[in-house]
Amino acid sequence: MRHTLPIAPQFYVTAPQPCPYLEGRMERKLFTALQGESAQRLNDSLSKQGFRRSQNVLYRPSCADCAACLSARINVAEFTPSKSQKRTLNRNRHLERRATSAWATEEQYELFRRYLEARHAQGGMADMDAFEFAAMIEETPIRTRVVEYADSETGELVAVCLTDVLDDGVSMVYSFYEPDLPRQSLGTYIILDHIDIAREAGLPNVYLGYWVPGSAKMGYKAAFSGLEVYSSGEWQKMRDPADYHSKRHPLSNDPIAEQVANISLPDSRPLRGPQRG
């Protein structure tokens, strides 16, 4: 009987682009394709090493002169809501959670457009049309859910989160919400509810994406207790945010080849790469 050995993923490096979080900095990413029968295990493994998913690609910041972007997650067992977060939960008690398969709808897209126009009109996703939106939601080779939040009285959709299910947690890939309801703090509420989702499923972590010290866009993540960041090759309990500003120094970074060599893969497969993408 002939056996086919799994092929180790190929890693690539993007060309430098302006950083969306820190003015005057250039961003570069290390990435690999997410495909095939081992896609779920690869996503589980690399998520634990600071990678994030975008459709069928896994990526991690790998900038030449900065290491400020740190993957962040909430340790569910260590989380205790603050007084402000308890108020947010109470203000949104009327919302109903609906978890569905990864399928895009017109109602989701209309909410997505309102969110972008109000919050990120100049961002990289501002020109995304309905077909590109559907691809963002539906092109996933792993266990993914769309978590919707609707007003239980009117049925109106007010928030959505594209969520991956990992072997050690849930990963919030992308969320958006009604921008005309600022008092409800819907962004915070989605995170709080995902902590409940993970707890209900017996999963220990909620992956939030990247936290950047000094970035106003990312500062809200530091407000959650139980926060951990992936730094120097390991998950560490969040310290004083000011302690991480030194990560902007270029000597904080290992060479690309060394970064790739230190990535752990399912089944201990050998690595190939990196290459320019």
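A short tour of the structure in this document, coming up. (Residues numbered from 1 in each chain as written. Predicted model: local features only at pLDDT ≥ 70, side-chain atom pairs only at ≥ 80, totals over all residues. Heavy atoms only, no water.)

**Regarding the nonpolar core**
No. 1: Core analysis: the largest hydrophobic core is formed by 60 residues, its most contacted members being Ile74, Phe112, Phe133, Tyr149, Ile195 and Val206.
No. 2: In this structure, Val13, Leu58, Val260 and Ile263 belong to the second largest nonpolar core, which totals 14 residues. (Core = buried A, V, L, I, M, F, W, Y, C linked by side-chain atoms within 4.5 Å. Buried < 20%, exposed > 50% of the residue type's maximum accessible area, 1.4 Å probe, protein only.)

**Structural notes on the pattern of salt bridges**
No. 1: Counted by the stated rule, this structure contains ten salt bridges.
No. 2: Across the salt bridge formed by Arg98 and Glu148, the nearest N and O atoms sit 3.0 Å from each other. Of this pair, Arg98 sits in strand β8 (residues 95-101) while Glu148 sits in strand β9 (residues 144-151), placing them 50 residues apart in sequence.
No. 3: What makes Glu148 buried here is its relative accessible area of 8%.
No. 4: Across the salt bridge formed by Arg113 and Glu117, the nearest N and O atoms sit 3.9 Å from each other. With Arg113 and Glu117 both in helix α3 (residues 106-119), this residue pair falls four residues apart, about one helical turn. (Salt bridge = Lys/Arg side-chain N within 4 Å of Asp/Glu carboxyl O. Helix = DSSP H or I, 4+ residues; strand = E, 2+ residues; numbered from the N terminus.)

**What to know about the packing of aromatic side chains**
No. 1: In total, this model carries 15 aromatic pairs according to the counting rule given.
No. 2: Centroid distance Tyr174 to Phe176: 6.2 Å. Interplanar angle 35°. Geometry classified as tilted.
No. 3: Here the aromatic cluster, defined as three or more aromatic residues joined through ring pairs, consists of Tyr109, Phe112, Phe133, Tyr174 and Phe176.
No. 4: Across the ring face of Tyr59, the terminal group of Lys29 is positioned such that the distance to the ring centre comes to 4.6 Å.
No. 5: One Lys or Arg, Arg73, reaches over the ring of Trp235 and ends 4.1 Å from the middle of that ring. (Phe/Tyr/Trp six-rings, centres within 6.5 Å; stacked < 30°, edge-to-face > 60°. Lys NZ or Arg CZ within 6 Å of the ring centre and 35° of its normal.)

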